[in-house]
Amino acid sequence: MRKKIVAANWKMHLSFAEAMALTDAFLHGLDDSGGLEVLIAPPFPYIHEVLNGIQRHPLISVAAQNCSEHNNGAYTGEVSAYMLASVGVEFVITGHSERRKYYGDIPEVISRKVDRILEHRMSPLFCCGETLEDRNSGKHFDVITGQIRNSLGHLSVENMKSVVIAYEPVWAIGTGINATTKQAGEMHRFIRNLLSEIFSDDVSSGTSILYGGSLKPDNATELFSCEDIDGGLVGGSSLRATEFLTICRAMETACSR
Ligand code: PEP
């Protein structure tokens, strides 16, 4: 049975007080009966307090939004996987299209970040996704294949058991235009087949593959009805408690079917 996960990526938003109020609203709005795992990815300075806040909740974990490709050393401004693990972080987002676009996270760098995350016994939440240009020129499957092979292809089957994948078409992130259920379902199935080809059938059937890209209360139920979609990575809508909680409930309902 694959884990069903809904993750809130707060990106570089919110003051400390706003972040703690949102954490509180999530805590009060989520029960622990639905079998859903919820991740909160706050900005770095808030991680410790969010971790303290969620201690009472068995199904909420904290994800970091990024980590360094290096273990430690003279890298001013960077945060290592070692540091994140030492405060209790369990997941780290890597391969996000904003990091690929603005911060030079090329596949080799992402691959090293994945290694650091795994070395410290955390789970990489690995994002992949094609641009609109890739899709319009029919290259989307090749692009996703390249991203997965180049950054995850070297992992052992054992290590792959800790990896969560998020399919996030770049053209859907923050645009209000989500992938259709048909487009997302097709890509999720494709990724699952690819995992079987590169790793094993067990990895393919056991890996949680989340959808991300303008996920909202009004499209979550339909997207989550797709068998190969195991949850969502939510940006904009995770900044509003009612929207995020509605998305979580849509996933819980999908789990119970
Ligand atoms: C994201 O940044 O991962 C994301 C999916 O953002 P949004 O939900 O705002 O499209």
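Look up a bit, the structure's there.
Attention in this report is confined to the structure presented alongside it. (Residues numbered from 1 in each chain as written. Predicted model: local features only at pLDDT ≥ 70, side-chain atom pairs only at ≥ 80, totals over all residues. Heavy atoms only, no water.)

To continue, consider the packing of aromatic side chains. Under the counting rule described, the total for this entry stands at 6 aromatic pairs. Judged by centre distance (6.4 Å) and plane angle (80°), the rings of Tyr-102 and Tyr-103 are edge-to-face. For the pair formed by Tyr-102 and Tyr-103, the shared burial category is exposed. Clustering of aromatic rings is evident, with ring pairs tying together Trp-10, Phe-26 and Phe-244. (Phe/Tyr/Trp six-rings, centres within 6.5 Å; stacked < 30°, edge-to-face > 60°. Buried < 20%, exposed > 50% of the residue type's maximum accessible area, 1.4 Å probe, protein only.)

Our next topic: the site of the ligand. Neighbouring residues of the ligand: 14 residues in total, closest Lys-11, Glu-168, Gly-174, Ser-214 and Gly-235. Interatomic distance of 2.8 Å between a backbone N/O atom of Gly-236 and an oxygen atom of the ligand. Contact with the protein chains covers 95% of the free accessible surface of the ligand, which is 290 Å². (Near = heavy atom within 4 Å. Polar contact = N/O pair within 3.5 Å; in protein donor to acceptor, adjacent residues only side chain to side chain. Areas by Shrake-Rupley, 256 points an atom, 1.4 Å probe, with all protein chains shown as cover.)

Time to look at unusual backbone geometry. Even without being glycine, Lys-11 reaches a positive phi, approximately 50°. Along the chain, the position of Lys-11 falls in the loop between β1 (4-9) and α1 (16-29). Although it is not a glycine, Leu-14 sits at a positive phi angle of roughly 80°. Counting through the fold element by element, Leu-14 comes out in the loop between β1 and α1. With a relative accessible area of 24%, Leu-14 lands in the partly exposed category. (Helix = DSSP H or I, 4+ residues; strand = E, 2+ residues; numbered from the N terminus.)

Let us now look at the environment of Ile-5. Along the chain, the position of Ile-5 falls in strand β1. Between the alpha carbons of Ile-5 and Glu-37 there is a distance of 4.7 Å; along the sequence they are 32 residues apart. Filtering out sequence-adjacent residues up to four positions away, Ile-5 remains in contact with Leu-36, Glu-37, Leu-39, Val-164, Ser-208, Leu-210, Asp-230, Gly-231 and Gly-232. (Contact = heavy atoms within 4.5 Å.)

Counted under the stated rule, the structure contains 14 salt bridges. In this structure, Glu-130 and Arg-135 form a salt bridge, with 2.7 Å as the shortest nitrogen-oxygen distance. Comparing Glu-130 with Arg-135, the two get one shared label, buried. Where Arg-192 meets Asp-230, a salt bridge forms, and the shortest distance between an N and an O atom there is 2.8 Å. Placement of Arg-192 in helix α9 (residues 181-198) and of Asp-230 in the loop between α11 (217-224) and β8 (231-234) is noted, with a sequence separation of 38 residues between them. When sorted by exposure, Arg-192 lands in the same class as Asp-230, which is buried. Residues joined by salt bridges that share partners form a network here, namely Arg-2, Lys-4, Arg-192, Asp-228 and Asp-230. (Salt bridge = Lys/Arg side-chain N within 4 Å of Asp/Glu carboxyl O.)

Residues Ile-148, Ile-165 and Ile-191 are the most contacted members of the largest nonpolar core, which totals 69 residues. Broken down by element, the residue count for this core peaks at 9 residues, all from helix α12 (residues 241-256). For Ile-165, the contacting residues outside a window of four places in its chain are Phe-126, Cys-128, Ile-148, Leu-152, Ile-191, Leu-195, Thr-207, Ser-208, Ile-209 and Leu-210. Membership of the second largest hydrophobic core comes to 13 residues, among which are Ala-7, Val-164, Ala-166 and Leu-233. (Core = buried A, V, L, I, M, F, W, Y, C linked by side-chain atoms within 4.5 Å.)

Further remarks concern the side chain of Thr-23. Note on placement: Thr-23 falls in helix α1. For Thr-23, a relative accessible area of 1% corresponds to the buried category. Those residues in contact with Thr-23, other than ones at most four positions away along the chain, are Trp-10, Ile-40, Val-50 and Ile-54.

Read these as layout, nothing more, since geometry by itself doesn't imply function.
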